[in-house]
Amino acid sequence: SSQIYPIHLPRETRTRRALLICNIEFEHLSRRHGAEVDVEGMMKLLEGLGYVVDVHRNLTSQGMATVMKDFANRKEHWTSDSTFLVFMSHGVRAGLCGTKSKGETTDILSVDTIYEKFNNKCCRALLGKPKVVIIQSCRGGKVGSVMVSDSADPAMPTPSSAHAIPEGLEDDAICEVHLESDFGTLHSSTPDTVSWRSSVTGSLFIQHLIEQFRNHACNSDLQEIFRKVQHSFGKFPRQLPSQERTTMLRKFYLFPGH
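As recorded by an unreviewed UniProt entry, the protein carries the name Caspase-1 and is attributed to Aptenodytes patagonicus.

As structure tokens, then:
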């Protein structure tokens, strides 16, 4: 179907790879107790989904950028159908904290860097293939809940006019593609809010995500699994995972036809 991402190669010959970066120890910030549980859980999940996982721990923002660049250049992506990019660290509104971070402005990896390293200009091997981004980090210091009361419905926004190419225009491009496409992104929380982690069992978000993938990857597409992860936080109003910057053009089934 044209609405589903194709998986051309059989499992025996395709070379799915995933990247997992987890910062646990920091020079100036607190240790992320329980994060190793998250690493082990995600490794088992991704390996079960058919990915060879490249794991890196305790990197500066520059180290994370270098690892991403090297991973984007891996030849295995040419014979793969997708990738997972998993990031776990302390975080602020601006991005992910490197191991030398002292706060809001020092040693911070902008989330934009992830998309820059794996967009269709810099990572041609993954052109047209799903790139699943999972980010476990705080995005600020606010608690993600609020007390509400009944109120009037907000006014509906005015729909914008559809973009159209003027008649009579042509271009000389050999092949024009979107600069950034086929990303599916799930953050552990909404902007400006904290994410919660147990020192014993790991992050709530990673626990819920692993559970939903294990239960539904066999018959649900990626964004439906994401929605199930979000729904699973219904009784925990302090945190809500957030789908953002998702540019999936088709449905991504990890096991199509099953």
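Draft legend 1. Spatial organisation of the confidence of the model for the protein. Of all residues in the protein, 85% have pLDDT values of 70 or greater, and the mean over the chain is 87. Ignoring residues within four places in sequence, the model shows residues 145-163, a span with pLDDT below 50, making 2 contacts including any to other chains.

Draft legend 2. Inspection of the pattern of salt bridges at higher detail. Counted under the stated rule, the structure contains 14 salt bridges. For Arg17, the salt bridge identified is with Glu76, shortest N-O distance 3.4 Å. Taken as a pair, Arg17 in strand E1 (residues 17-22) and Glu76 in the loop between helix H2 (61-72) and strand E3 (83-88) lie far apart in primary sequence, 59 residues in all. One salt bridge in this structure joins Glu36 and Arg57, with 2.9 Å as the shortest N-O distance. One end of the pair, Glu36, is in helix H1 (residues 35-48); the other, Arg57, is in strand E2 (residues 52-57), and 21 residues separate them in sequence.

Draft legend 3. The sheet that holds E2, seen in detail. One open sheet holds the 6 strands; their spatial order is E2-E1-E3-E7-E8-E11, and the pairing between them is mixed. Two strands in the sheet have a free side with no partner beyond their single neighbour: E2 and strand E11 (242-243). Here 2 bridges tie strand E8 (residues 183-187) to E11, and the two strands are oriented antiparallel to one another. What sits directly across from Leu186, in E11, is Gln243. Those strands touched by H2 are E1, E2 and E3, and its axis lies near 175 degrees from that of E1.

Draft legend 4. Structural detail: H1. With 14 residues, H1 should reach 20 Å at 1.5 Å per residue; the first-to-last C-alpha distance of 20 Å fits that figure. Residues of H1 that are buried: Ala35, Asp38, Val39, Gly41, Met42, Leu45 and Leu46. Looking at the buried positions of H1, the neighbouring elements they touch are E1, E2, E3, strand E9 (197-198), strand E10 (202-203) and helix H4 (204-216). Positive backbone phi, at 95 degrees, marks Gly50, one or two positions downstream of H1.

Draft legend 5. View of the sheet that holds strand E5 (residues 95-97). Sheet architecture is open: 3 strands sit in the order E4-E5-E6, paired in antiparallel fashion. The outermost strands of the open sheet, each flanked by one partner alone, are strand E4 (91-92) and strand E6 (108-110). As paired elements, E5 and E6 share 3 bridges and run antiparallel to each other. In the sheet register, Cys97 faces E6, and the bridge partner there is Ile108. Docked against the sheet, H2 engages E5 and E6, running at close to 40 degrees with respect to E6. Of the strands in this sheet, E5 and E6 touch helix H3 (residues 111-118), which is tilted by about 50 degrees from E6.

Draft legend 6. Spotlight on the nonpolar core. Met42, Leu209, Phe213 and Leu254 are the most contacted members of the largest nonpolar core, which totals 34 residues. Taken together, the elements giving at least two residues each to this core come down to E1, H1, E3, strand E7 (131-136), H4 and helix H5 (222-231). Membership of the second largest hydrophobic core comes to 22 residues, among which are Ile21, Ala65, Leu96 and Leu109.

Draft legend 7. Representation of the pairing of E1. Burial analysis of E1 places 6 of its 6 residues in the buried class, which makes it a mostly covered element. Of the two faces of E1, the one lined by Arg17, Leu19 and Ile21 and the one lined by Ala18, Leu20 and Cys22 are each fully buried. One ladder, built from 6 bridges, connects E1 with E2; its direction is parallel. By the bridge assignment, Ala18 is partnered in E2 with Val53. In this view, the connection linking E1 to its parallel neighbour E2 by way of H1 has right-handed handedness.

The rules behind each value
Residues numbered from 1 in each chain as written. Predicted model: local features only at pLDDT ≥ 70, side-chain atom pairs only at ≥ 80, totals over all residues. Heavy atoms only, no water. pLDDT = per-residue confidence, 0-100. Contact = heavy atoms within 4.5 Å. Salt bridge = Lys/Arg side-chain N within 4 Å of Asp/Glu carboxyl O. Helix = DSSP H or I, 4+ residues; strand = E, 2+ residues; numbered from the N terminus. Pairing = 2+ DSSP bridges. Axes fitted to C-alpha atoms, helices over the stretch in contact; angles between N-to-C directions. Expected span 1.5 Å × (residues − 1). Buried < 20%, exposed > 50% of the residue type's maximum accessible area, 1.4 Å probe, protein only. Core = buried A, V, L, I, M, F, W, Y, C linked by side-chain atoms within 4.5 Å. Right-handed = clockwise from strand over helix to strand, strands pointing away.

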